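Here's the letter readout for the chains.
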Amino acid sequence: MPSTDTQAIDQLRSRLEAVNQTHLLAFAGQLEADDLQQLLSQIETAEPQTFPELVKTYVTSKPVAELPAGVEPAPYYALDGDWDRAKFRKAGEDLLRAGKVACFTVAGGQGSRLGYNGPKGCYPAAPISGKPLFQLFAESIRKASSLYGKPIPWAIMTSDLNHEATVEFFEQHQYFGLDPKDVSFFPQGSMPAFDRKTGRALLASPSSLALTPDGHGGSIRALHRSGTLDALRARGIEHLSYFQVDNATVKPVDPLFLGLHVAAPDSSAEMSSKMVAKAYAEEKVGLFCKINGRTAVVEYSDMPMQRQQETNTDGSLKFNGGSIAIHAMSLDFLSRVATNPDYALPFHRADKKVAFCDPDADGRCVTPDEPNAVKLEMFVFDALPLAERSIVLETDRVEEFAPIKNAEGNDSPETSKALQIERAARWLEARGVRIPRDSQNEVIATIEISPLTATDPSHLEGVDLPEEIEPGSEVAL
Ligand code: UTP
């Protein structure tokens, strides 16, 4: 082994000694040069100096999520509320015409529940054309660019596992008609998995750490570290429209929401959110709350059921605001959260089975039967309370929330397609088209409206529409 390598190992070993993690170098002396470099660089990137605090806070003790006493439902701009939509829509349109908005999709998840072999954004989601999720978003962005006369850059966060496949997919499909210079990709960061008893970071092999994705909240520091924030700022972008890769009916570009975000008196234009009314008290969604005057999302598992069931005098749920993971964020706010330690997002602990290479047993690979490790993830909504004043806009589930999470049942491709069809049917009914429905009011035809045709019912004005759709027929517009 060259003496420079020995020196590098020795230097790192003394730093690891200080944090009780020297086992990470147990096999370093036996590694080939490339493998050694990989190990050393992974350890450096993981910032071992931060491990003792992480282990103390999240691994050897379990953080207890205590709900503060003064937690209240967050106020929101209600669908049926009396507020000036035209004014805020105009503010959003002005922002778009000035070219100050980019889209941002988090697509680094593993999609294990769906079980699809490939990045989730490549999943065929549309009911007739089978357009993949990425294409639906790309076409919505193209439509908005042509409406507002400015390119809308699109940043996509991938993971090390799906980065190449994602970029290749866009290349194979000529970026779905977008200019490649407007689309950027960067992989998200990762966190080491820690042994839940000892707090030692686990090795996946003699030359690599057991790393797990750092969650959608990791997107904020990844935006910064990848240089994406700087690149967008250099293009004059001031705000991002954030959404997840799994929502087939998301509006990637919504002038009303962007307008409220930048111009509402109760918004500091840092981070804003959309919500849908909860379907029923026990629904498993994050809840928009006010805590100490700040907007926050409380996970359903952290809110006692009794409180989730509280009602107003008219019988409606008090904690009614369900999070659908759609946000608008300013670049200034994102930079601050990414770089200022006072704004660091907390981690959430998950106990998992993680296979590891055991330095105490000559590197034997162990596949545990029980959860042996703690995985740490950040959640993007934890940034909300860092914003001084943060608004929530209510939206209609059928209009904007058709997620694909599971292979079957709730939030599956089937339910997403049904919602896409229902939305298309409503848009057509609003234009006077007769839609066949059964006794349950379900649409009994397959209808798809391309985002290039309309991303809003008003875009159907002037489009040649049938008077009526036949039961059982397929209609793509
Ligand atoms: P989910 O919580 O649905 O997780 O992610 P997932 O990994 O996609 O799916 P499962 O749980 O394995 O079935 C919500 C959104 O956040 C993104 C996902 O790509 C999805 O858009 N995400 C999640 C990331 O980008 N990175 C992560 O580390 C986790």
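Below or above, wherever it landed, is the structure these notes cover. Residue indices follow the written sequence of each chain, beginning from 1 at its first position. Totals for whole chains, interfaces and linings use all residues, but because this is a predicted model, local features are given only for residues with pLDDT of at least 70 and pairs of side-chain atoms are given and counted only at 80 or more. Neither water nor hydrogens contribute to the side-chain values; these are computed over all heavy atoms in the structure.

### Focus on the site of the ligand
V106, G108, S112, R113 and Q188 are the nearest of the 17 residues found near the ligand. Within the contact set of the ligand, an oxygen atom lies 2.8 Å away from a backbone nitrogen or oxygen of Q110. Each accessible area is a Shrake-Rupley result for a 1.4 Å probe, and residues are judged covered by the shown protein chains and nothing else. Its free accessible area being 570 Å², the ligand has 86% of it covered by the protein chains. Grouping the constituent residues of the shell around the ligand by class yields five nonpolar, nine polar and three charged. Any residue with at least one heavy atom within 4 Å of a molecule or strand is counted as near it. Pairs of N or O atoms within 3.5 Å make up the polar contacts considered here, provided that, within protein, one atom can donate a hydrogen while the other can accept it, and that residues adjacent in sequence are counted only when both atoms are side-chain atoms. Under this grouping Gly is polar, as are all residues other than the nonpolar Ala, Val, Leu, Ile, Met, Phe, Trp, Tyr, Cys and Pro and the charged Asp, Glu, Lys and Arg.

### Quick look at the sheet that holds strand β6 (residues 194-195)
Should DSSP find at least two bridges between two strands, the strands are regarded as paired. The numbering of helices and of strands both runs from the N terminus, where a helix is a DSSP run of H or I of at least 4 residues and a strand a run of E of at least 2. Taken in spatial order, the three strands line up as β6-β18-β15 in an open sheet, and their pairing is antiparallel. The open sheet has two edge strands with one neighbour each: β6 and β15 (348-352).

### Here's the deal with the packing of aromatic side chains
We call Phe, Tyr and Trp rings a pair once their centres come within 6.5 Å, taking the six-membered ring for Trp, and we label the pair stacked below 30 degrees between planes, edge-to-face above 60, and tilted otherwise. Throughout the structure, instances matching the rule amount to 19 aromatic pairs. Centroid distance F104 to Y242: 5.8 Å. Interplanar angle 70°. Geometry classified as edge-to-face. Here F104 is found in strand β2 (residues 101-106), whereas its partner Y242 is found in strand β10 (residues 239-244), with 138 residues between them in sequence. As far as the burial class goes, F104 and Y242 line up, both buried. An angle of 70° between the planes, with centres 5.6 Å apart, marks the rings of W154 and F170 as edge-to-face. Of this pair, W154 sits in strand β3 (residues 154-158) while F170 is found in helix α6 (residues 163-172), placing the two residues 16 residues apart along the sequence. Here the term buried applies to any residue with accessible area under 20% of the maximum for its type, exposed to any over 50%, and partly exposed to those in between, with areas from a 1.4 Å probe on protein chains only.

### So, the pattern of salt bridges
One speaks of a salt bridge when a side-chain nitrogen belonging to Lys or Arg is within 4 Å of a carboxyl oxygen belonging to Asp or Glu. Enumeration over the complete set of coordinates arrives at 30 salt bridges. A salt bridge links E283 to R397; its shortest N-O distance comes to 2.9 Å. With E283 in the loop between β11 (271-277) and β12 (287-291) and R397 in helix α12 (residues 397-400), this pair connects stretches of sequence that are 114 residues apart. Overall, E283 belongs to the buried group, its relative accessible area being 11%. By relative accessible area, R397 is classed as partly exposed at 25%. R307 is the partner of E310 in a salt bridge, and the nearest nitrogen-oxygen pair spans 3.0 Å. Residues joined by salt bridges that share partners form a network here, namely D396, E422, R426, E429 and R437.

### Description of the packing of helix α4 (residues 85-97) against helix α9 (residues 255-263)
Here an axis means a line fitted to C-alpha atoms, over the contact stretch when the element is a helix, while the angle between two N-to-C directions is reported on a 0 to 180 degree scale. One can describe the packing of α4 onto α9 by two numbers: an axis separation of 6 Å at closest approach and a directional angle of 90°. Classified by the angle their axes make, α4 and α9 are roughly perpendicular. Facing α4, whose interface residues are R85, F88, R89, A91, G92, E93, L95 and L96, α9 presents P255, L256, L258, G259, L260, V262 and A263. For the contact of α4 with α9, the per-class residue count stands at 10 nonpolar, two polar and three charged. Should an angle lie under 35 degrees it is considered roughly parallel, over 145 roughly antiparallel, and from 65 to 115 roughly perpendicular; all remaining angles are considered oblique. Throughout, a residue-residue contact means that at least one pair of heavy atoms, one from each residue, lies within 4.5 Å.

No statement about biological role is implied by the geometric values presented.
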